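Per-entry structural report
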Amino acid sequence: VSEGLSLLWNGRLTEGGGLLIPELRRLIVTGHTPAALVCLDVLLDTLKLWRDSGQTPEIIRRFVKVAGEVLGAVLYLAKRRKKANALFAVARQVAESLGDRRSILHMEFMRLCLHYLMGGVLREDPKNVMEILIREVHDLGDRDILTEAAHVIGIRHYLNGEYAEVIENYKSYNGGAR
């Protein structure tokens, strides 16, 4: 933990964040929610300061991955929506600078999840955003993103009380599994 904090303090956000993510997971799994929230705050407050000038594409890709994991913790804990929005904006811009369509779609699905589970994230109509993302995911053909899309679609149906659609969605993205 101290090494991760030191790296963050010294501006090495990807490395420091990468070291703190396992600690954040451990705190969540063991039920130490207050400590997990402190760790989450540190990550959210420092990662949003990212500047990619002079960074290698590999380090930039790692940053997007670390940011995605932090945003996943925000969703899991259902806390820190406003801070998550700031990190999301930075991570989305970084993914765009790489031209990494897969990472951009990943960030957009996280943003949609934030909207559905925590509210107030999207200015656009979530249904339209979902339809656009689903088309793009199918065009990309990446199985991992298709699975992620299925989760978000299922959440949307569930929150709208469309329980039969939740089951149909699950079946269609899991090879008809029952």
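Source: prediction; values computed, not measured. (Residues numbered from 1 in each chain as written. Predicted model: local features only at pLDDT ≥ 70, side-chain atom pairs only at ≥ 80, totals over all residues. Heavy atoms only, no water.)

1. Regarding the overall build of the protein chain
- If you tally the helices and strands in the protein chain, you get nine helices and zero strands.
- Relative to the globule expectation of 16 Å for 178 residues, the C-alpha radius of gyration of the protein chain, 17 Å, shows essentially globular dimensions.
- Along the longest, intermediate and shortest principal axes, the C-alpha atoms of the protein chain span 50 × 35 × 30 Å.
- Here the protein chain holds 178 residues, and the buried ones make up 44% of them.
- Once local pairs closer than 6 in sequence are excluded, the contacts in the protein chain between residues at least 24 apart make up 58%.
- Of the accessible surface of the protein chain, which amounts to about 9800 Å², a share of 54% is contributed by carbon and sulfur atoms.
- If you average the places of the 24 positive and of the 22 negative side-chain charges in the protein chain, the two averages end up 4 Å apart. (Helix = DSSP H or I, 4+ residues; strand = E, 2+ residues; numbered from the N terminus. Rg over C-alpha atoms; globule rule 2.2 N^0.38 Å. Buried < 20%, exposed > 50% of the residue type's maximum accessible area, 1.4 Å probe, protein only. Contact = heavy atoms within 4.5 Å. Areas by Shrake-Rupley, 256 points an atom, 1.4 Å probe, with all protein chains shown as cover. Lys, Arg positive; Asp, Glu negative; His and termini not counted. Charge placed at Lys NZ, Arg CZ, Asp CG, Glu CD.)

2. A closer look at the packing of aromatic side chains
- In this structure the tally under the stated criterion is two aromatic pairs.
- With centroids separated by 4.3 Å and ring planes inclined at 15°, the aromatic side chains of W50 and F63 adopt a geometry described as stacked. Taken as a pair, W50 in the loop between α3 (33–47) and α4 (57–77) and F63 in helix α4 lie far apart in primary sequence, 13 residues in all. The same class applies to W50 and to F63, which are both buried.
- Both rings, one in Y158 and one in Y163, keep their centres 5.6 Å apart while their planes meet at 65°; by these two values the pair is edge-to-face. (Phe/Tyr/Trp six-rings, centres within 6.5 Å; stacked < 30°, edge-to-face > 60°.)

3. Considering the confidence of the model for the protein chain
- Averaged over all residues, the pLDDT of the protein chain equals 86, while 97% of them reach at least 70.
- Within the protein chain, the lowest mean pLDDT, 81, falls on helix α8 (residues 143–159), and the highest, 94, falls on α3. (pLDDT = per-residue confidence, 0-100.)

4. Digging into helix α6 (residues 101–118)
- Here α6 is 18 residues long and its end C-alpha atoms lie 25 Å apart, about the 26 Å a rise of 1.5 Å per residue gives.
- Of all 18 residues in α6, 14 are buried; the element is thus mostly enclosed.
- Where α6 terminates, the next one or two residues include G119, which has phi positive at roughly 75°. (Expected span 1.5 Å × (residues − 1).)

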